[in-house]
Amino acid sequence: MDAAKPPVAVDEPDSWTLRVRQAIEKNLPMDNFLPHRQPFYVGSWVYVFGVITIAALVWVVVSGVVLAFMGPQWWHDSGVGRFFNSLHFWSVQLFFIFMVLHLWGQYFMAGWRNGRAATWAIGVVIFGVSILTAFTGYLSQQNFDSQFIAVNAKDAMNAGGVGAFFNVLNFGQMYGLHIMLLPIGVTILVVWHIVMVRARGVVKPIDPEGGIRS
Amino acid sequence: MDSPTTYFHWGFIVISLPNVLVIAGMIVLFAIALVAPFPRGGEGHDGRR
């Protein structure tokens, strides 16, 4: 018997940590989670759109944290505040532009193939939650623009039947949703989306002669 | 800056000039991404980069 080897337990105790670890090792090995090389077909600018979207989201969150700390008077009345206000606004514009370009790319390459339907579906949910987050952001500006949007949007919300629990005239509710619940939701969904992409790898191109490359 | 922008009325579609420019720019950027050469590193024996 080799004394250097540790004794092997024949019967592993039932443990949720063991089951979780085995599930992670099976579905998301480290080679997939942090790959250092990609298949040759990933060499296209189309695959960069998703990364730029994530980069824009980082800037959205960073500038948003600064705005939340400093408050409306600062972001309206000081030069640095207006700079961060603009940084937040324009990084959101880039986030949406590149998210839609990423969506176009994945649509035309049928990114939902070969077990990636859930990855596509989570992307759709991210798109929806992002729109809601941006909407509550427009309502949180604390200026005439946000008042105009709120007063006009309330009728649509009431007509849709959500006005009782989503009151666009309630600044505190909109601001709380915008800086807390919705950004956390978007971030969790984006991390989930990326983990699923890493678990299955980038979808292979559609064979130009028909069928799907295996 | 304070004057309203130009709006296009194409049938049931009503869209502002800035939004048309953004969408046109996105289409152009998408087309460029499809055809622009991507800088390639050395490929491994298995074709992976």
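Residues numbered from 1 in each chain as written. Chains lettered and ligands numbered in written order. Predicted model: local features only at pLDDT ≥ 70, side-chain atom pairs only at ≥ 80, totals over all residues.

## Brief notes about the overall build of chain B
Alright, step 1. A tally of helices and strands in chain B yields one helix and two strands.
Alright, step 2. Sequence-ordered secondary structure for chain B, helices as α and strands as β, is β-β-α. (Helix = DSSP H or I, 4+ residues; strand = E, 2+ residues; numbered from the N terminus.)

## A closer look at the pairing of strand β2 (residues 13-16) of chain B
All names here are of chain B.
Alright, step 1. Sheet topology note: the strand β1 (residues 7-10)/β2 ladder contains four bridges and is antiparallel. Counted as the bridge partner of F8 is I15 from β2.
Alright, step 2. With antiparallel pairing between neighbouring strands as the criterion, β1 and β2 make up a hairpin whose turn holds two residues, including G11 at a positive phi of roughly 60°. (Pairing = 2+ DSSP bridges.)

## Things to note about the interface of chain B and chain A
Alright, step 1. Each partner contributes residues to the interface: chain B has 13 residues there, and chain A has 13 residues.
Alright, step 2. Split by residue class, the side of chain B that touches chain A holds seven nonpolar, two polar and four charged. (Contact = placed C-beta atoms within 7 Å. Nonpolar A, V, L, I, M, F, W, Y, C, P; charged D, E, K, R; others polar.)

## Remarks on the nonpolar core
Residues and elements named next belong to chain A.
Alright, step 1. Among the nonpolar cores identified, the biggest contains 17 residues, and A56, L57, V60, F95 and F98 are the most heavily contacted of them.
Alright, step 2. When residues of this core are traced back to their parent elements, those giving at least two are α3 (48-70), α5 (79-108), α6 (117-139) and α8 (171-200).
Alright, step 3. Contacts of F95, omitting those with residues within four sequence positions, involve T53, A56, L57 and V60. (Core = buried A, V, L, I, M, F, W, Y, C linked by C-beta atoms within 7 Å. Buried ≥ 20, exposed ≤ 12 C-beta atoms within 10 Å, placed from the backbone.)

## Section: the packing of α3 of chain A against α5 of chain A
Angle between the axes and distance between the axes: these two values describe a pair of packed helices.
Residue and element names in this part refer to chain A.
Alright, step 1. As a packed pair, α3 and α5 sit with axes 8 Å apart at the nearest point and diverge in direction by 155°. With respect to α5, the element α3 is oriented roughly antiparallel. Our pair here, α3 against α5, has a crossing hand that is left-handed. (Axes fitted to C-alpha atoms, helices over the stretch in contact; angles between N-to-C directions. Parallel < 35°, antiparallel > 145°, perpendicular 65-115°, else oblique. Left-handed = near helix turned anticlockwise from the far one by under 90°.)

## Section: the packing of α5 of chain A against α6 of chain A
Residues and elements named next belong to chain A.
Alright, step 1. Remark: α5 packs on α6, axes separated minimally by 12 Å, with the N-to-C direction vectors making an angle of 155°. As the angle between them shows, α5 and α6 are arranged roughly antiparallel. Judged by the sense of rotation from one axis to the other, the crossing of α5 with α6 is left-handed. Two secondary-structure elements touch here, α5 through V92, M99, L103 and Q106 and α6 through W120, F127, S130 and A134.
Alright, step 2. For the contact of α5 with α6, the class distribution of residues is six nonpolar, two polar and no charged.

## Quick notes on unusual backbone geometry
The phi angle of most residues is negative, glycine excepted, and most peptide bonds adopt the trans form.
Residues and elements named next belong to chain A.
Alright, step 1. With a phi close to 55°, N114 is a non-glycine residue in the positive phi region.
Alright, step 2. For N114, a count of 14 C-beta atoms within 10 Å puts it in the partly exposed group.
Alright, step 3. Of note, Q142 is a non-glycine position whose phi angle comes to about 65°, a positive value.
Alright, step 4. Positionally, Q142 belongs in the loop between α6 and α7 (144-159).

## Focus: α8 of chain A
Residues and elements named next belong to chain A.
Alright, step 1. Taking 1.5 Å of rise per residue, the 30 residues of α8 would be expected to cover 44 Å, and the 42 Å separating its terminal C-alpha atoms lies within 8% of that figure.
Alright, step 2. The principal kink in α8, of about 45°, is found at L177.
Alright, step 3. Among all positions of α8, only M174, L177, H178, L182, P183, V186, V190 and H193 are buried.
Alright, step 4. Buried residues in α8 make contact with α3 and α6.
Alright, step 5. At the exit of α8 stands G201, carrying a positive phi of roughly 80°. (Expected span 1.5 Å × (residues − 1). Bend = angle between axes of the 7 residues up to and from the residue.)

## Quick word on the confidence of the model for chain B
Alright, step 1. Per-residue pLDDT for chain B has a mean of 86; in total, 80% of the residues score no lower than 70.
Alright, step 2. Confidence metrics for the complex model read pTM 0.86 and ipTM 0.82. (pLDDT = per-residue confidence, 0-100.)

## Here's the deal with helix α1 (residues 16-27) of chain A
Alright, step 1. With 12 residues, α1 of chain A should cover 16 Å at 1.5 Å per step; its first-to-last C-alpha distance of 16 Å lies within 8% of that length.
Alright, step 2. Buried residues are scarce in α1 of chain A, accounting for zero of its 12 residues.

## Topic: the environment of L189 of chain A
Residue and element names in this part refer to chain A.
Alright, step 1. Along the chain, L189 turns up in helix α8.
Alright, step 2. Each C-alpha atom of the pair L189 and P35 lies 21 Å from the other, and the pair is 154 residues apart in sequence.
Alright, step 3. Not counting chain neighbours up to four residues away, the residues in contact with L189 comprise I122, V125, I126 and V129.

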